[in-house]
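# Per-entry structural report
Here's the letter readout for the chains.
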Amino acid sequence: MTRAGWIRLLVIVAMIGALELACRLNFIDHRVMIPPSQMATALITMLASGQLNDDIVRTLGVIAIAVALSVVFGFALGLIIHALPRLRAALDPFFATYYAVPVFIFYPVMIAIFGLSLVPIVLMGVATAIVAMIIATLNGLDRIPRVLTKVARVHRMGRLATALQLQLPAAAPYLFTGVKLSVSYAFIAVIAAEFILAPAGLGRDIANAYADFNNRRMYALMLLVLLIATVVNAGLHAWDLRWAKRRGARPS
Amino acid sequence: MHGDVHAQFAGVTRVYPGAGGHAPVHALGPINVDLHKGEFFAVVGPSGCGKSTFLEVLAGLQQPTVGTVTFEGRAVAGEVPDGVGVVFQEDASFPWLTVWGNAAFGLQRQGTAPAEVRRRVDDALAFMGLKDFAKAYPSQLSGGMRQRVCIARTLVLQPRLILLDEPFGALDAQTRLLMGDEVLKLWRTTGATVLLITHALDEAAMLADRVGAMSARPGRFIEIIETHWPRDRDSTIVAEPTFGEITGRLWERLRGESLKALGHSGQPPAAALAAE
Amino acid sequence: MTAMRRAIDTTIIVIAVVLIWQGLARWVGDTALPGPAPTFSYMTHFVPSARFAENAAATATAFALALLLAYGLGLAIGVWMGAQRLSGEVGEPILITLYSLPKITLYPVILLIFGLTLSGKVVFGAIHGILPVALLTMAAIRNIPLVYLKSARTLRLSPWQAIWNVLLPATIPEVLAGLRIGFTVTLLGVLLAEMFASKDGLGFLIINAMTLLQTKEMITIAVVLFSFAAVANAILLWIEHRLHRRV
Ligand SMILES: Nc1ncnc2c1ncn2[C@@H]1O[C@H](COP(=O)(O)OP(=O)(O)O)[C@@H](O)[C@H]1O
Ligand SMILES: [Mg+2]
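Everything quoted here is computed from the prediction, not taken from an experiment.

### Some thoughts on the packing of helix α4 (residues 85-98) of chain A against helix α1 (residues 2-28) of chain C
At a closest axis distance of 8 Å, the pairing of α4 of chain A and α1 of chain C adopts a crossing angle of 70°. In terms of axis orientation, α4 of chain A runs roughly perpendicular to α1 of chain C. When α4 of chain A is examined against α1 of chain C, the residues Arg86, Leu87, Ala89, Ala90, Leu91, Asp92, Pro93 and Phe94 of chain A are found in contact with a partner set consisting of Arg5, Arg6, Asp9, Thr10, Ile13 and Val14 of chain C. In terms of residue class, the contact of α4 of chain A with α1 of chain C is built from eight nonpolar, one polar and five charged.

### Some words on the site of ligand 1
Residue and element names in this part refer to chain B. In the vicinity of ligand 1, the residues found are Tyr16, Val25, Ala27, Ser47, Gly48, Cys49, Gly50, Lys51, Ser52, Thr53 and Arg217. For ligand 1, an oxygen atom lies 2.9 Å from a polar atom in the backbone of Lys51. Residue Ser52 places a side-chain N or O atom 2.7 Å away from an oxygen atom belonging to ligand 1. About the coverage of ligand 1: the protein hides 63% of its 560 Å² of free accessible area. Breaking the shell around ligand 1 down by element, the ones donating at least two residues are β2 (25-36) and α1 (51-59). In terms of residue count, α1 provides more of the shell around ligand 1 than any other element does, three residues in total. Per-class residue counts for the shell around ligand 1 are four nonpolar, five polar and two charged.

### Quick notes on the interface of chain A and chain C
With 53 residues of chain A at the interface, the matching set in chain C holds 46 residues. The contact between chain A and chain C buries some 4,500 Å² in all, and 82% of this surface belongs to carbon and sulfur atoms. Remark: the boundary between chain A and chain C carries one salt bridge. Our count for the chain A to chain C interface comes out at five residue pairs in polar contact (both at pLDDT 80 or more). Sorting the residues of the side of chain A that touches chain C by element identifies α1 (3-24), α4, α5 (107-114), α8 (159-196), α9 (202-211) and α10 (215-247) of chain A as the ones contributing at least two each. Of the residues forming the side of chain A that touches chain C, the biggest block, ten residues, is contributed by α4 of chain A. Its residues assigned to classes, the side of chain A that touches chain C shows 42 nonpolar, five polar and six charged.

### Observations regarding the confidence of the model for chain C
Residue and element names in this part refer to chain C. Taken as a whole, chain C shows an average pLDDT of 88; of its residues, 98% reach a score of 70 or greater. No element of chain C has a lower mean pLDDT than helix α7 (residues 146-154), at 83, and none a higher one than helix α3 (residues 50-83), at 94. Across the interface, the model reports ipTM at 0.86; the global pTM reads 0.87.

### Observations regarding the interface of chain B and chain A
Interface size, as often reported, equals the accessible area lost upon joining of the parts. With 27 residues of chain B at the contact, the number on the chain A side is 19 residues. Counting each side, the surface lost to burial between chain B and chain A is near 2,100 Å², with a carbon and sulfur contribution of 59%. Together, Pro95, Trp96 and Arg109 of chain B form the three largest contributors to the area buried by chain B at its contact with chain A, with a combined 29%. Counting across the interface, chain B meets chain A through two salt bridges. Ionic pairing is found between Arg156 of chain A and Asp82 of chain B, a salt bridge with its closest N-O pair at 3.6 Å.

Reading the values: rules and limits
- Residue indices begin from 1 for each chain and proceed along its sequence in written order.
- Here every chain gets a letter starting at A, and every ligand a number starting at 1, in the order they are written.
- With pLDDT at 70 or above as the cut-off, local features in this predicted model cover only qualifying residues; side-chain atom pairs require 80 or more to be listed or tallied, and sums for whole chains, interfaces and linings still use all residues.
- Each side-chain value is derived from all of the structure's non-hydrogen atoms; neither hydrogens nor water enter the calculation.
- Only the stretch in contact is used when a helix axis is fitted, and all axes are lines through C-alpha atoms; the angle between N-to-C directions ranges over 0 to 180 degrees.
- Counting from the N terminus, the helices are DSSP H or I runs at least four residues long and the strands are E runs at least two residues long.
- Here the word oblique covers every angle except those under 35 degrees (roughly parallel), over 145 (roughly antiparallel) and from 65 to 115 (roughly perpendicular).
- Here, residues are in contact when the closest pair of their heavy atoms is within 4.5 Å.
- Three categories are distinguished: nonpolar for Ala, Val, Leu, Ile, Met, Phe, Trp, Tyr, Cys and Pro, charged for Asp, Glu, Lys and Arg, and polar for the others, with Gly belonging to the last.
- Residue proximity to a molecule or strand is established when one non-hydrogen atom of the residue lies within 4 Å of it.
- Pairs of N or O atoms are called polar contacts if they sit within 3.5 Å, as long as, within protein, a hydrogen donor faces a hydrogen acceptor (for residues adjacent in sequence, only side-chain-to-side-chain pairs).
- Residue exposure ignores everything except the shown protein chains as possible cover, and the areas themselves are Shrake-Rupley values with a 1.4 Å probe.
- Joining two parts hides part of their accessible area as seen by a 1.4 Å probe, and the buried area is that hidden amount summed over both.
- The term salt bridge refers to a side-chain nitrogen of Lys or Arg lying within 4 Å of a carboxyl oxygen of Asp or Glu.
- Summary of the metric used: pLDDT quantifies the predictor's per-residue confidence within the range 0 to 100.

If you want it as structure tokens, here you go:
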């Protein structure tokens, strides 16, 4: 690990330690926050008892569905929009604005239309994630070097072989960045949707525990959600970095 | 020393059709030239004169507007003929494959037996001095090394005609001389016909049996100069007086054309300035 | 000419969206989703009303304060992490990790600390905004080409002259990009806070309308917020592009 890495670890440990101490010494009221060690033990007991399994499966499942839909349809839409330059030019202002407007504010409208079920939550996940995938696809397609089509003809490759063996691998790192963003965005949107209003799920659990003044449960669940999100994001980020490093920043 | 005709341009012209309100571009020709079997032919000319167009028409990547191109007696029509290998001006190495994977690409596509693929790829990498980099990815290599990867990728298919489009354009002058030696070695060992496109007069003069000096657009051969170099030459011939004569001769023919390509009227720059 | 055609194409898409809305309204029924025409007529009554004005003012106050806090802290952290290499290396991955976390989970903590007050909303909004501002400011400072600093020294500029004439103009476009993204996510943070638990604000109003099945009101608020964010973003983008061209 690098020097900065060690220092970072030290800083994080020190911060958790300080929080622990502050809670134990009652600088922080236990009605506001419980010590991190108690969050962890509460989480472990809850996980061991199996009481969280349903909600974990439900929330992660919803996120997985939202990501899968976003990636598949985002990629397909990206291909179509890329093939139609005029449509693309017309859509450009929308893409530039999309992540600047609070799309999430439409969640209540979705509930009004589809009722309080999984559908509005999945839709919010897709609505938040899909545009990132479309933009990443367009970006990846733009960056396929033109010389590859000539190489394909030298090797007498057909349309399909060219697409699968040359164009797809050339665009792959950009597509992966799209997948990474889709996961991160879908995660945020699904948890937020559950938090605001949902029949069940980890986000809803936290909100319920808050409403019940059950701090142990609330902080344990919070820790769980943040841990899952951190691990998933860090894993995807590391993979992205490895890929980028292998591919290098090539002038095209 | 003239062998059989290997490839032939007969009255070839190439006009890029004007698209989206642009006027059509007459890029090349008319061109009449024979490439002999086993010869090293170089084309020099100012940038934008039609050199790449010349190469791509021969490779079957573009159709001549008028005239015909033949390779080994058969007309080249809309498809890259078997036995032709191309190394492009742009870096065309595949960044997602290792050096070995790049070199093996064509053979694996043809479904060659794995043992045979391994043997030929290892040979090609050794020949191009890439043996120690077989597991590296192109992004870990310099620009010159990446072009070698592309040459190796072509070489394994054992082409009878090798087309090189300014493969060393981005390299520094010394590295270019050394890469020139490699290309000479390649040409001698494979016995293939080599067409090298370049914008560097010294490179053309040093490497080729014949050098075609191309005019500003539309590209035509103003003169084709024979160098009479021995077959087992290398870059040390740049010290010979004949080398200077050939380079001087080429510059004499191309100076006016290069000025035209820069937008001058063919007068020397001082006169052009004074006229304004 | 092409700009004209693009504007026409964009308008066609807007019209298409309105038509899809209309179609959807027909399909699911007027109570679940009112069509464009009834919504716009409702908008003309609702937006000038006192209830809308009060709640919009509450959101605006929280948003303005949150933005002030996010910009101040974000810029300070960004400058510090940009100028001090080591702290930048230590802090950057932490900030990136925090940026991609679902921060809504932390809102109960803020509620436990601040209760249902203005400060809660402000802090929660600011938490969202600080991160992009700090990250992009740091990147801007780190990306200053070394040759600029050398030039400043060969020109014998005083430290203040160097900051004013070289460092500031060199970093401003990227810093501004950070401020623009900070604007967006701070607004989102404030709205999320209001949607989850609040006594006032447009986010509160939209959830309130949902429980009362007032779909017209919900869509009206969403459209107003959309338009505000889009216009603000367009203005900030425009400034950014102008500065980019100059530098
Ligand atoms: N696809 C094309 N459409 C129109 N003009 C082209 C196209 N490709 C090349 N040209 C023009 O044809 C001329 C010759 O191009 P090229 O053969 O690439 O020149 P060179 O390789 O000698 O630099 C140039 O002036 C170029 O602008
Ligand atoms: Mg060329």
